[in-house]
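Take a look at the letters that make up each chain.
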Amino acid sequence: MLSSSGGYDQVYLVCGYTDLRKGIDGLSALVEQKFKLNPFQNILFLFCGKRTDRIKGLIWEGDGFLMMYKRLENGQYQWPRNEDAARKITEQEFRWL
């Protein structure tokens, strides 16, 4: 379990560009249909759009989804853009975010 990441079993970066106008239903469908992963697990999925100063997170909490949104005031995220995949990251990589 990724102890410092909020108690999530795993964290996945959804590489490439994601339309951050999508809500819970759109993001969970993307995880399930495009990447063949189960969004109803204790996994944090992180998404980044074309503007690399904001990300969205999606996590199943057992009785519903929680969607998080973070916008950096200064700086940008270094997000993998060349892959069309969901990539599992380590606890250290999560802390670097």
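Sequence order sets the numbering: in each chain, residues are counted from 1 along the sequence as written. Reporting of local features is limited, given that this is a predicted model, to residues whose pLDDT is at least 70; pairs of side-chain atoms are given and counted only at 80 or more, and all residues count toward the totals for whole chains, interfaces and linings. Excluding hydrogens and water, the side-chain figures rest on all heavy atoms present in the structure.

Turning to the packing of aromatic side chains, a few remarks are in order. Think of it this way: a Phe, Tyr or Trp ring, Trp meaning its six-membered ring, pairs with another when their centres are within 6.5 Å, and the plane angle makes it stacked under 30 degrees, edge-to-face over 60, tilted otherwise. Counted under the stated rule, the structure contains five aromatic pairs. Here the aromatic rings of F40 and W60 are separated by 4.9 Å at their centres, their planes lie at 75°, and the arrangement is edge-to-face. Of the two residues, F40 sits in the loop between α1 (24-33) and β2 (43-48) while W60 sits in strand β3 (residues 54-60), which places them 20 residues apart along the sequence. Think of it in three bands: residues with accessible area under 20% of the maximum for their type are buried, residues over 50% are exposed, and the middle band is partly exposed, with areas taken using a 1.4 Å probe on protein chains only. Looking at F40, the relative accessible area reads 42%, which means it is partly exposed. Residue classification places W60 among the partly exposed residues on the basis of a relative accessible area of 21%. When the centroid spacing of 6.3 Å and the interplanar angle of 80° are considered together, the rings of Y77 and W79 count as edge-to-face. With relative accessibility at 6%, the residue Y77 sits in the buried group. A network of ring pairs unites the aromatic residues F40, W60 and F65 as a single cluster. By the criterion adopted, a ring carries a charge over it if an Arg CZ or a Lys NZ lies within 6 Å of its centre and within 35 degrees of its normal. K50 extends its terminal NZ or CZ atom over the ring of Y17, reaching a point 5.6 Å from the ring centre. Strands are runs of DSSP state E lasting at least 2 residues, helices are runs of H or I lasting at least 4, and numbering of each runs from the N terminus.

Structurally, the position occupied by D53 is in the loop between β2 and β3. Residue contacts for D53: discarding those within four places in its chain leaves K70, R71, L72, G75, Q76 and Y77. Note on contacts: a residue pair is in contact if any heavy atoms of the two residues lie within 4.5 Å.

A few words on the environment of G16. By the element assignment, G16 lies in the loop between β1 (10-14) and α1. In this structure the C-alpha to C-alpha distance between G16 and G49, which are 33 residues apart in sequence, comes to 7.9 Å.

What follows covers the layout of surface pockets. For the largest pocket, the calculated volume is near 220 Å³. Grid spacing is 1 Å over the protein atoms alone, the probe is 1.4 Å, and a cavity is where that probe fits but cannot get out, while a pocket is an open set with protein on both sides within 12 Å along at least five of seven lines and lining residues have an atom within 4 Å of a point. Along its surface, the largest pocket is lined by Y8, L44, L46, I55, K56, G57, M68, Y69, K70, Y77, F94 and L97. Where the lining of the largest pocket is concerned, the elements lending two or more residues are β2, β3 and β4 (65-71). Amino acid classes used here: Ala, Val, Leu, Ile, Met, Phe, Trp, Tyr, Cys and Pro are nonpolar; Asp, Glu, Lys and Arg are charged; the rest, including Gly, are polar. Across the lining of the largest pocket, the residue classes break down as nine nonpolar, one polar and two charged. Grid points are joined across faces, edges and corners, and a volume is the space filled by probe spheres set on the points. If you add up the space inside the second largest pocket, you get close to 190 Å³. Lining the second largest pocket, in full, are L13, L72, Q76, Y77, Q78, W79, P80, R87, I89, E93, W96 and L97. Listed by contribution, the elements that provide at least two residues to the lining of the second largest pocket are β5 (86-89) and α2 (91-96). Its residues placed into classes, the lining of the second largest pocket shows eight nonpolar, two polar and two charged.

Taken by themselves, the reported measurements are silent on function.
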